[in-house]
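# Remarks on the overall topology
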Amino acid sequence: MASCRICSADVQPFLDLGRQPLSDAFRLPDDTSPEFTFDLVVGSCDSCRMVQLLHEVPRERMFRADYPFSTSTSARMSAHFRATADQFLRETLHGGDAFIIEVGCNDGTMLESIAAAGVRHLGVDPSSDVLAAARSRGVQTEAAFFEASTAKDIAAEHGLADVVYAANTICHIPYLDSVFEGLDHLLKPDGVFVFEDPYLGDVVAKTSFDQIYDEHFFLFSARSVQTAASVFGFELVDVERLGVHGGEVRYTVARSGARPPSVAVADLVAEEAARDLHAPATLDAFAAAVAANRDALVGLLRLLKQEGRTVVGYGATAKSATVTNYCGIDRDLVTFVCDTTPEKQGRVTPGAHIPVRPPEAFADPYPDYALLFAWNHADEIMAKESRFRDAGGRWIRYVPIVHVD
Ligand code: TYD
């Protein structure tokens, strides 16, 4: 039995997604070296209810120098981060010594606006390639994993921060105790830790099991973040539901007693209780829905194959590694996956080894069906690819249930 990374109580497994590769390990087609795999099993803590993986992948395996992800590939995400920066500039970062740190700053999409406003900032990320992109945008960076020692060093060199912000990063970090220890050294007395990650409530409601993969160690809820923060001497003081990435929550955490919690915190905790979000029966029902989705998706793809239809994947997302490997979808069922990320093109997807091609390959010629792996960008992609539908193409989607659009 695994122990909870927050409170050390037992973690009960509720969903086994089988052997999985690293979700961002795109390899060259002729690479026959053994591929790293691990058991992707999710559980819930008996005591604090934190949903977490039972097996941890070493961080150096996941977040390498050549981490193939760039925030700025999505226009919607770029707009989201510009709005986030504007909000910090308007509401929090006042005065000459204002200072914001972004953990997992990636290519600097958010901090670019902060830098342009002349406000002190630091982007911290372990992946050196994306940091080069951030620096080219005028962003100050430091190549490091964020933990207690990093935070102490930053505090010693740059002083205390008003805000430590992280998007799609904190759920990647199993050692939250060290993160909070670092925050205690780094934040001003009334400073805030603001982070946004996929929301357990949305994952369960949408059966979006593909939010579960090596990098997503935790699947947060208001209740579990509230408990975790209190374990480490902090307090959840605000929550905001976000529509990005298939449904996220932005959590604001402060030192215990430093700021009054907003009504939104009590409301979201109450909503989670009313829908029994953390109850074992709810999580078991989610697991059953995941298995049913898998069967429906594989059944549809096999039928289309029998009928001689062509199916191409859209978006070689990290999430799609869970879908293809859990469902057993290979290049026999999905000919290739198109993706805008140059580092992924010409390679094959992790585990399933489906070729990745540039977006131009999508229309050359259009397939009969496109399996929308990047479903969190559905509106943006469907608007951009409207000619596919005009040409008779159909979208296959599997969130919240398998359907053809
Ligand atoms: P993302 O949404 O960040 O999902 P994950 O965290 O699961 O990787 O990744 C989006 C992927 O989809 C990324 O590889 C780029 C690709 N993509 C396209 O190919 N075309 C598009 O229009 C968009 C928005 C994304």
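The present account deals with the structure reproduced in this document. Computed from a predicted structure; not experimentally measured. (Residues numbered from 1 in each chain as written. Predicted model: local features only at pLDDT ≥ 70, side-chain atom pairs only at ≥ 80, totals over all residues. Heavy atoms only, no water.)

This brings us to unusual backbone geometry. The residue after Asp364, namely Pro365, is reached through a cis peptide bond having omega -5°. Mapped onto the fold, Pro365 is located in the loop between β15 (356–357) and β16 (369–372). In this structure, the amide linkage connecting Val399 to the following residue, Pro400, adopts the cis form with an omega of 0°. Summarising the element assignment, Pro400 is placed in the loop between β17 (394–397) and β18 (403–404). Backbone geometry places Asn168, a non-glycine residue, at a positive phi of 55°. Assignment of secondary structure puts Asn168 in the loop between β8 (161–167) and α6 (176–186). The exposure class of Asn168 is buried, given its relative accessible area of 18%. (Helix = DSSP H or I, 4+ residues; strand = E, 2+ residues; numbered from the N terminus. Buried < 20%, exposed > 50% of the residue type's maximum accessible area, 1.4 Å probe, protein only.)

What follows covers the side chain of Thr169. One can find Thr169 in the loop between β8 and α6. The exposure class of Thr169 is buried, given its relative accessible area of 10%.

Inspection of the secondary structure assignment puts Pro68 in the loop between α1 (59–62) and α2 (75–91). Residue class for Pro68 comes out buried when judged on its relative accessible area of 6%. Spatially, the C-alpha atom of Pro68 lies 8.5 Å from that of Phe26, the residues being 42 residues apart in sequence. Apart from the residues within four sequence positions on either side, Pro68 is in contact with Asp24, Phe26, Thr341, Glu343 and Lys344. (Contact = heavy atoms within 4.5 Å.)

The next thing to look at is the sheet that holds strand β4 (residues 51–53). Strand order in the open sheet formed by five strands is β1-β2-β3-β4-β10, with antiparallel pairing between adjacent strands. Edge positions in the open sheet fall to β1 (2–3) and β10 (218–219), since each of these has one partner strand only. Along the sheet, helix α11 (residues 319–327) contacts β2 (10–21) and β3 (37–45); its crossing angle with β2, the most-contacted strand, is approximately 80°. (Pairing = 2+ DSSP bridges. Axes fitted to C-alpha atoms, helices over the stretch in contact; angles between N-to-C directions.)

This part is about the pairing of strand β9 (residues 187–198). The element β9 is largely enclosed, with a buried count of ten among its twelve residues. Taken together, the six bridges between β8 and β9 define a ladder with parallel strand orientation. Residue Ala161 lies in a different strand from β9, and its bridge partner there is Leu187. Read as a crossover between parallel neighbours, the route from β8 over α6 to β9 is right-handed. Relative to strand β12 (residues 248–255), β9 is paired through seven bridges, and the arrangement is antiparallel. Its bridge partner being in β12, Val194 is matched across the sheet by Thr252. (Right-handed = clockwise from strand over helix to strand, strands pointing away.)

We now examine the packing of aromatic side chains. Inspection of every chain in the model, using the stated rule, returns 20 aromatic pairs. By way of ring pairs, the aromatic residues Phe180, Phe193, Phe195, Phe217, Phe218, Phe220, Phe232, Phe234 and Tyr251 are connected into one cluster. Here Arg59 stacks its cationic end above the ring of Phe145, 4.1 Å away from the centre of that ring. Its guanidinium or amino end placed over the ring of Phe99, Arg120 lies 4.5 Å from that ring's centre, counting from NZ or CZ. (Phe/Tyr/Trp six-rings, centres within 6.5 Å; stacked < 30°, edge-to-face > 60°. Lys NZ or Arg CZ within 6 Å of the ring centre and 35° of its normal.)

It is worth spelling out the pattern of salt bridges at this point. Enumeration over the complete set of coordinates arrives at 20 salt bridges. Lys305 serves as the salt-bridge partner of Asp332, at 3.4 Å between the closest nitrogen and oxygen. Of this pair, Asp332 sits in the loop between α11 and β14 (337–338) while Lys305 sits in helix α10 (residues 280–306), placing them 27 residues apart in sequence. Salt-bridge contacts for Asp405 lead to Arg389; the nearest nitrogen and oxygen are separated by 3.5 Å. In this pair, Asp405 is assigned in the segment after β18 and Arg389 in helix α13 (residues 386–390), connecting sequence segments 16 residues apart. We classify Asp405 as partly exposed; its relative accessible area is 29%. Residue class for Arg389 comes out partly exposed when judged on its relative accessible area of 38%. One network of salt bridges, in which partners are shared, links Arg59, Glu60 and Glu147. (Salt bridge = Lys/Arg side-chain N within 4 Å of Asp/Glu carboxyl O.)

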